[in-house]
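Observations on chain architecture
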Amino acid sequence: MSVNTVFTKESLDGCLRALAKEFRKRNGKAMPAEIILIGGAAVVANYGFRDMTYDVDALIQGSSAMKEAINYVGDQMGLPNGWLNSDFTRTKSYSSKLSAYSAYYKTFSNILTVRTISGEYLVAMKLMSGRQYKNDISDIVGILREQRERGKPISFEQINLAVCNLYGDWQNMPKTAKPLIENILSNDNLERLYQMYRAEEKASKEILVEFEKDYPGQENEDNIEDILKNLKARKSKSSKT
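Residues numbered from 1 in each chain as written. Predicted model: local features only at pLDDT ≥ 70, side-chain atom pairs only at ≥ 80, totals over all residues. Heavy atoms only, no water.

Strand direction decides the pairing type here: strand 1 (residues 33-38) and strand 4 (residues 112-117), joined by five bridges, are parallel. What sits directly across from alanine 33, in strand 4, is leucine 112. Judged from the six bridges that link them, strand 3 (residues 102-108) and strand 4 form a sheet pairing that is antiparallel. Its bridge partner lying in strand 4, tyrosine 104 is registered against arginine 115. (Pairing = 2+ DSSP bridges. Helix = DSSP H or I, 4+ residues; strand = E, 2+ residues; numbered from the N terminus.)

Here the focus is the layout of surface pockets. By volume, the largest pocket is sized at about 1,700 Å³. Lining the largest pocket are 46 residues, with Asp55, Arg131, Tyr133, Lys134 and Lys205 sitting closest to its centre. When contributions to the lining of the largest pocket are tallied by element, the ones reaching two or more residues are helix 2 (39-46), helix 4 (119-129), helix 8 (190-214) and helix 9 (224-240). With nine residues, the single largest contributor to the lining of the largest pocket is helix 8. For the lining of the largest pocket, a count of residues per class yields 13 nonpolar, 11 polar and 22 charged. The calculated volume of the second largest pocket comes to roughly 210 Å³. Lining the second largest pocket, in full, are Ala203, Glu206, Ile207, Glu210, Phe211, Asp214, Tyr215, Leu231, Arg234 and Lys235. The element contributing the most residues to the lining of the second largest pocket is helix 8, with six residues. Of the residues contributing to the lining of the second largest pocket, the split by class is five nonpolar, no polar and five charged. (1 Å grid on protein atoms, 1.4 Å probe; cavity = no way out; pocket = protein on both sides within 12 Å on 5 of 7 lines; lining within 4 Å. Points joined across faces, edges and corners; volume = space filled by probe spheres on them. Nonpolar A, V, L, I, M, F, W, Y, C, P; charged D, E, K, R; others polar.)

This paragraph deals with empty space enclosed by the protein. Scanning the entire structure with this criterion turns up one cavity of 30 Å³ or more. Reported here for the largest cavity is a volume of approximately 30 Å³. Ile70, Asn71, Gly74, Asp75, Leu79, Pro80, Asn81, Gly82 and Trp83 together form the lining of the largest cavity. Classifying every residue of the lining of the largest cavity gives four nonpolar, four polar and one charged.

This next bit is on the packing of helix 1 (residues 9-27) against helix 3 (residues 64-76). Direction vectors running N to C along helix 1 and helix 3 enclose 130°, while the axes themselves pass 9 Å from each other. With respect to helix 3, the axis of helix 1 lies oblique. Note that helix 1 runs across helix 3; the crossing there is right-handed. Across the interface between the two elements, Cys15, Ala18, Leu19, Glu22, Phe23, Arg26 and Asn27 from helix 1 touch Ala65, Met66, Glu68, Ala69, Ile70, Tyr72 and Val73 from helix 3. Residues belonging to the contact of helix 1 with helix 3 are distributed by class as follows: 10 nonpolar, one polar and three charged. (Axes fitted to C-alpha atoms, helices over the stretch in contact; angles between N-to-C directions. Parallel < 35°, antiparallel > 145°, perpendicular 65-115°, else oblique. Left-handed = near helix turned anticlockwise from the far one by under 90°. Contact = heavy atoms within 4.5 Å.)

Scanning the model with the defined rule gives 13 salt bridges in all. A salt bridge links aspartate 55 to lysine 134; the shortest N-O distance between them is 3.8 Å. Of the two residues, aspartate 55 is situated in the loop between helix 2 and strand 2 (57-61) and lysine 134 in the loop between helix 4 and helix 5 (136-149); the sequence distance between them amounts to 79 residues. Residue aspartate 136 pairs with lysine 126 through a salt bridge whose shortest N-O separation is 3.4 Å. (Salt bridge = Lys/Arg side-chain N within 4 Å of Asp/Glu carboxyl O.)

On to the side chain of glutamate 201. Following the sequence through the fold, glutamate 201 ends up in helix 8. Residue classification places glutamate 201 among the buried residues on the basis of a relative accessible area of 3%. (Buried < 20%, exposed > 50% of the residue type's maximum accessible area, 1.4 Å probe, protein only.)

Keep in mind these numbers describe shape, not what the thing actually does.
Below, the structure is given as structure tokens:
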């Protein structure tokens, strides 16, 4: 998606409302549709610490009229192609069991039901992704911090259950996932930890943006972590000389 396109909670709801109206025009009232918001869109919908996302990843269940409605609304609202998409299903954080553990969000125009992924399942998904150049780790900290502030803290047991439900076992997760979440849960200053991870993620993103300028099209999900690790090591070495 275009880096110039951002979705806040309000604008996301506005897009979904417009989508529901257009879908109803094209599809009628007989066959409702369902969308499950994933990742950053689910974080923005459910939490206040993050005010926007560039991605609207979702599981989309509806007739062929839904794709037409998505494209039409995108054109009308000046959004990029694929503004609402299910590309994340090709990533390692996807699980076919996600829909079973989604939570109700809103219904628009009595035809489009929107669900989201709740806290512990978002944490599990972001532990599986673990991308240093995205909001994955800071989102985990932000979710846990806000849940504490709400008086509804998420426990390790809840996260463990979510990991097992989605991915079977911790053995199927990155090796760093379990120590990471245990460390975060034991931290008493999640605000400071959040700021630290956000700074690291922004720095990593900037490094990769520069790399992409010099070597366009070289990054992919399989090699990007190794690329980032090598670039950071090279940058650290040069700063010491």
